[in-house]
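# Inside the fold
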Amino acid sequence: MTNYMVNDHIKYIDYMKSIIKLTIASLLTIICYTDIFAQTPIPVCPQSASFTGMTRGYYFTAPTSFTICGIFVEDDMSTAFQSAAIVRFTAGTPPAYPGTTNSFVTLWQNLNYVPNNMIPVPNVTINAGDIIGIYGSRTANSVNSYGPAQCVINIQGNPTTTFRSGMQFDLAAGPGMHDIWNENNGSIGRVTMYTNCCPSPAAIPNIAGTDTVCEGDSVSYTIPAQTGALNYNWVVPPGATITGGQGTTSLNVAWNTAPGGQICVDWTDTCTTSPQTCINVTVNPTPTANVPANATYCNGDPVPPSVFTSLPVGGTFDWTNSDPSIGLAASGSGDTPPFNATNNSSNPITATITVTPTLAGCSGLPVTYTITINPTPQAPTAANITICPDDTAFLNATAPGGTYSWYDSATGGNLLTTGASYTITNLNSDTTYYLETTVNGCISPRSPITVTISPDVTVNILASSTYLFLGESSNLTAYSGIPNTSYSWNPPAGLSCIFCSNPIATPNQSGWYYVTATNASGCKAIDSIYIEVDPTANIYVPNIFSPNENGNNDVYKIRGKGVDLFYLAIYNRWGQLVFESNDIDQGWDGTKNGKMLNQGVFVYKLNVTMKSGEEYKQSGNITLVR
């Protein structure tokens, strides 16, 4: 089956599920309303999409006065607990996102409602013309079922348009709605309102269970089953936690803190929820142990006893030690005894002492503190370095940590500085420093660190010529006399290479060249040379030559300085080309195709572009004499 067929099939199933749910809801509405006066839903449009992470819903302007007696966050995407709120805006409709408003009154809210059915609402009256916001989501992750944009609902026969609205927060986390906005063209969050709710069922007669407990106890409470009950909702006071049984007739509660309070329960039938039935539970406080602060010792140090007290006073104590290798027993009662700290390893050992107080049969929460035994620190490490004469040395300790101290002697001596780094300036001779570290009061042996001074670096530049005509070159050579020296030339313009010792310079203007020599230790030296460039451009065009092989004036050649582009063409008296060249250094020997030509007058055409940008175009006669 192709993807689009699968998608169409899924959409069709979702659509049919929505139609079926609406049909069932309508039938239940008719049955409840006519037979047992049950609540009447105001259905929203079918589910079309989903969204997770923030709270969504809708707002509308009430077309008539009516009463809301129930809210249900639609469960197409999740059947987890639901949170919902009803607000009335007091300064017009909420602004478009990202604008927000807090100009509203919260008419009702219920967070983390556990039963997966309608949440009862204590008859919130809506007046015609009120701008009302309805919001809800499921789970602490704010799962929302989306309907289409601007869904039309029917309020007592009045078609009413709803507009998407919400906030960028999780309603389940509390405290309620705030910073509300609208997206009038966006999908609404599907929350159904109910009206015409029927009467509440009777309260549960009683709750059975222990009404006096200790902090930390877990206790079960039970109620008689109620005919027609769909769900039971338990509420416990602050300091108590429901550990099981929510929604049933038997609840498990962990009592975490005094003084206790009321456990209450109500039940829900097909109509709504009953009043609460409650039981008062007294929680006796359990003692709190006061223990010493965390402590650290060096190997071999005497450790004093730990003295414990309780609140309220008069408690007794049991303690355990997570690591007996520090010299303390694994467990005991009362205060801990004194002992000698032990750590024969190379790493700190931290033992956790757990103290549990008991008073009047109630055990308090365990309290812990730690005893850390540090070994004698290892000698610190720092790299020896080599620097250039008069440079600054930066010494850095890399291990084992603690507080570093730098000295000028292997023992005793003068304290030079403290810290993981030490900076020394203007060193001209090899020098050794000594480093120790203190870790929690334990002092290490000292380590030597030596600063070695690298040999000085010099460099000189030699040039084959320091005066050039434009277009000419000079061979430059840098020399330092130290092996493994690298070179860098600047500026790079006109140089054949910039990271070699002997570049060829062809500058187009006068200026300085600089070379930096760097030895293997990173020490540098700089030299410079000035190259003067004569920008004068000149062309000499002979008008006669005698190619008679006597060694004098046998080749016709144009001469000049600073030439960039060159073209010479020579023609006989019939206009036939007998010679041409693009190279000023290439001359004519008076032949054509290897045959000597007779003496006579020839015509030349010359096109020259100088390096300065000047152009020369010239023609004339050449006399060939044999």
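The shown structure was predicted, so the numbers you read here are calculated from the model rather than taken from an experiment. (Residues numbered from 1 in each chain as written. Predicted model: local features only at pLDDT ≥ 70, side-chain atom pairs only at ≥ 80, totals over all residues. Heavy atoms only, no water.)

## Quick notes on the overall build of the protein chain
- Counting secondary structure elements, the protein chain contains one helix and 57 strands.
- For the protein chain, the C-alpha radius of gyration of 49 Å lies well beyond 25 Å, the compact-globule estimate for 626 residues.
- Summarising its shape, the C-alpha atoms of the protein chain cover approximately 145 × 85 × 50 Å along the three principal directions.
- A separation threshold of at least 6 residues defines the contact pool for the protein chain, and within that pool the share at least 24 residues apart is 64%.
- In the protein chain, 20 positive and 38 negative side-chain charges are present, and the distance between their average locations comes to 24 Å. (Helix = DSSP H or I, 4+ residues; strand = E, 2+ residues; numbered from the N terminus. Rg over C-alpha atoms; globule rule 2.2 N^0.38 Å. Contact = heavy atoms within 4.5 Å. Lys, Arg positive; Asp, Glu negative; His and termini not counted. Charge placed at Lys NZ, Arg CZ, Asp CG, Glu CD.)

## Some remarks on the environment of Cys151
- Inspection of the secondary structure assignment puts Cys151 in the loop between strand 9 (143–149) and strand 10 (152–155).
- Taking C-alpha positions, Cys151 is 86 Å from Ser480, a pair spaced 329 residues apart along the chain.
- If near-sequence neighbours (up to four positions away) are discounted, Cys151 is found in contact with Val44, Cys45, Thr160, Thr161, Thr162 and Ile188.

## Overview of the side chain of Thr609
- With respect to the element layout, Thr609 can be found in strand 56 (residues 600–610).
- By relative accessible area, Thr609 is classed as buried at 19%. (Buried < 20%, exposed > 50% of the residue type's maximum accessible area, 1.4 Å probe, protein only.)

## Describing the nonpolar core
- Grouped together as the largest cluster of nonpolar side chains are 26 residues, with contacts concentrated most on Phe60, Ile68, Ile71, Ile134 and Met193.
- Counting only elements with at least two residues in this core, the list comes to strand 3 (55–61), strand 4 (66–73), strand 5 (82–89), strand 6 (104–113), strand 7 (119–126), strand 8 (131–138), strand 10 and strand 15 (191–195). (Core = buried A, V, L, I, M, F, W, Y, C linked by side-chain atoms within 4.5 Å.)

## A word on the sheet that holds strand 19 (residues 240–244)
- Sheet architecture is open: three strands sit in the order 17-20-19, paired in antiparallel fashion. A strand with exactly one partner marks an edge of an open sheet, and here the two such strands are strand 17 (218–222) and strand 19. Ignoring strand direction, the axes of neighbouring strands in this sheet form an average angle of 35°.
- Both strand 17 and strand 20 (residues 250–255) contribute to a ladder of five bridges, which runs antiparallel. (Pairing = 2+ DSSP bridges. Axes fitted to C-alpha atoms, helices over the stretch in contact; angles between N-to-C directions.)

## Some words on a nonpolar patch on the surface
- A cluster of nonpolar residues, Trp512, Tyr514, Ile526 and Tyr530, forms a patch on the protein surface that exposes about 440 Å² of accessible area.
- For the nonpolar patch, the secondary structure elements donating two or more residues are strand 47 (511–518) and strand 48 (524–534).
- Mapped onto the elements of the fold, Tyr530 is located in strand 48. (Patch = residues over 30% accessible without salt bridge, like charges linked within 9 Å, V, L, I, M, F, W, Y side chains within 5 Å. Areas by Shrake-Rupley, 256 points an atom, 1.4 Å probe, with all protein chains shown as cover. Salt bridge = Lys/Arg side-chain N within 4 Å of Asp/Glu carboxyl O.)

## Considerations on the pattern of salt bridges
- Summed over all chains, the structure comprises four salt bridges.
- Its salt-bridge partner being Arg190, residue Asp76 comes within 2.6 Å of it at the nearest N-O pair. Linking Asp76 in the loop between strand 4 and strand 5 with Arg190 in the loop between strand 14 (187–189) and strand 15, this pair joins segments that are 114 residues apart in sequence.

## Focus: the layout of surface pockets
- Its boundaries defined by the atoms lining it, the second largest pocket holds a volume of some 210 Å³.
- The wall of the second largest pocket is formed by Asn572, Arg573, Trp574, Val578, Met596, Leu597, Asn598, Gln599, Gly600, Val601 and Phe602.
- It is strand 56 that provides the largest number of residues to the lining of the second largest pocket, a total of three residues.
- In terms of residue class, the lining of the second largest pocket is made up of six nonpolar, four polar and one charged. (1 Å grid on protein atoms, 1.4 Å probe; cavity = no way out; pocket = protein on both sides within 12 Å on 5 of 7 lines; lining within 4 Å. Points joined across faces, edges and corners; volume = space filled by probe spheres on them. Nonpolar A, V, L, I, M, F, W, Y, C, P; charged D, E, K, R; others polar.)

## So, the environment of Thr222
- One can find Thr222 in strand 17.
- Beyond its immediate chain neighbours, meaning those up to four positions away, Thr222 contacts Asn206, Ile207, Ala208, Trp234, Thr249 and Ser250.

## Concerning empty space enclosed by the protein
- Tallied over the entire structure, the rule returns one cavity of 30 Å³ or more.
- Quantified by volume, the largest cavity comes out at close to 30 Å³.
- Lining the largest cavity, in full, are Arg56, Val73, Gly136, Val143, Asn144, Ser145, Gly189, Arg190 and Val191.
- Residue composition of the lining of the largest cavity, by class: three nonpolar, four polar and two charged.

## Remarks on the packing of aromatic side chains
- One pass over the full model with this rule turns up 18 aromatic pairs.
- On the numbers, 5.3 Å between centres and 75° between planes, the contact of Trp588 with Phe602 is edge-to-face. Here Trp588, found in the loop between strand 53 (577–581) and strand 54 (591–592), pairs with Phe602, found in strand 56; they are 14 residues apart in sequence, far enough to count as distant.
- Take Phe602: its relative accessible area is 6%, and that puts it in the buried class.
- Put simply, the rings of Phe545, Tyr556, Phe579, Trp588 and Phe602 pair up and form one aromatic cluster.
- Over the face of the ring belonging to Tyr407 we find Arg446, whose NZ or CZ atom lies 3.6 Å from the ring centre. (Phe/Tyr/Trp six-rings, centres within 6.5 Å; stacked < 30°, edge-to-face > 60°. Lys NZ or Arg CZ within 6 Å of the ring centre and 35° of its normal.)

## Focus: the state of the cysteines
- Taken as a whole and assessed by the stated rule, the structure comprises six disulfides.
- In this model Cys214 forms its disulfide with Cys362; the gap between the sulfur atoms is 1.9 Å. Where Cys214 bonds to Cys362 through sulfur, the torsion about that S-S bond is close to -60°, and the disulfide is left-handed. Residue Cys214 is located in strand 16 (residues 212–214), and its partner Cys362 is located in strand 31 (residues 362–363); the two are separated by 148 residues in the primary sequence.
- For Cys214, a relative accessible area of 14% corresponds to the buried category.
- Classification of Cys362 by relative accessible area gives buried; the value is 4%.
- Through a disulfide, Cys497 is tied to Cys500; the S-S separation comes to 1.7 Å. (Disulfide = S-S within 2.5 Å.)

## Some words on the pairing of strand 10
- Along strand 10, the buried face is formed by Ile153 and Ile155; none of Val152 and Asn154, which line the opposite face, is buried.
- Looking at chain direction, strand 10 and strand 11 (residues 158–161) are connected through four bridges and run antiparallel. Within strand 11, the residue paired with Ile155 across the bridge is Asn158.
- Remark: two residues form the turn of the hairpin made by strand 10 and strand 11, two consecutive strands paired antiparallel; Gln156 in that turn has positive phi of roughly 50°.

## A short note on unusual backbone geometry
- Residue Tyr97 is joined to Pro98 through a cis peptide bond whose omega torsion reads 15°.
- Cis geometry marks the peptide bond from Leu311 to Pro312; its omega dihedral reads -5°.
- Inspection of the secondary structure assignment puts Pro312 in the loop between strand 26 (309–311) and strand 27 (316–321).
- Phi is positive for Asn123, which is not a glycine, with a value near 50°.
- Mapped onto the secondary structure, Asn123 falls in strand 7.
- In this structure, Gln150 is a non-glycine residue whose phi angle is positive, near 50°.
- Note on placement: Gln150 falls in the loop between strand 9 and strand 10.

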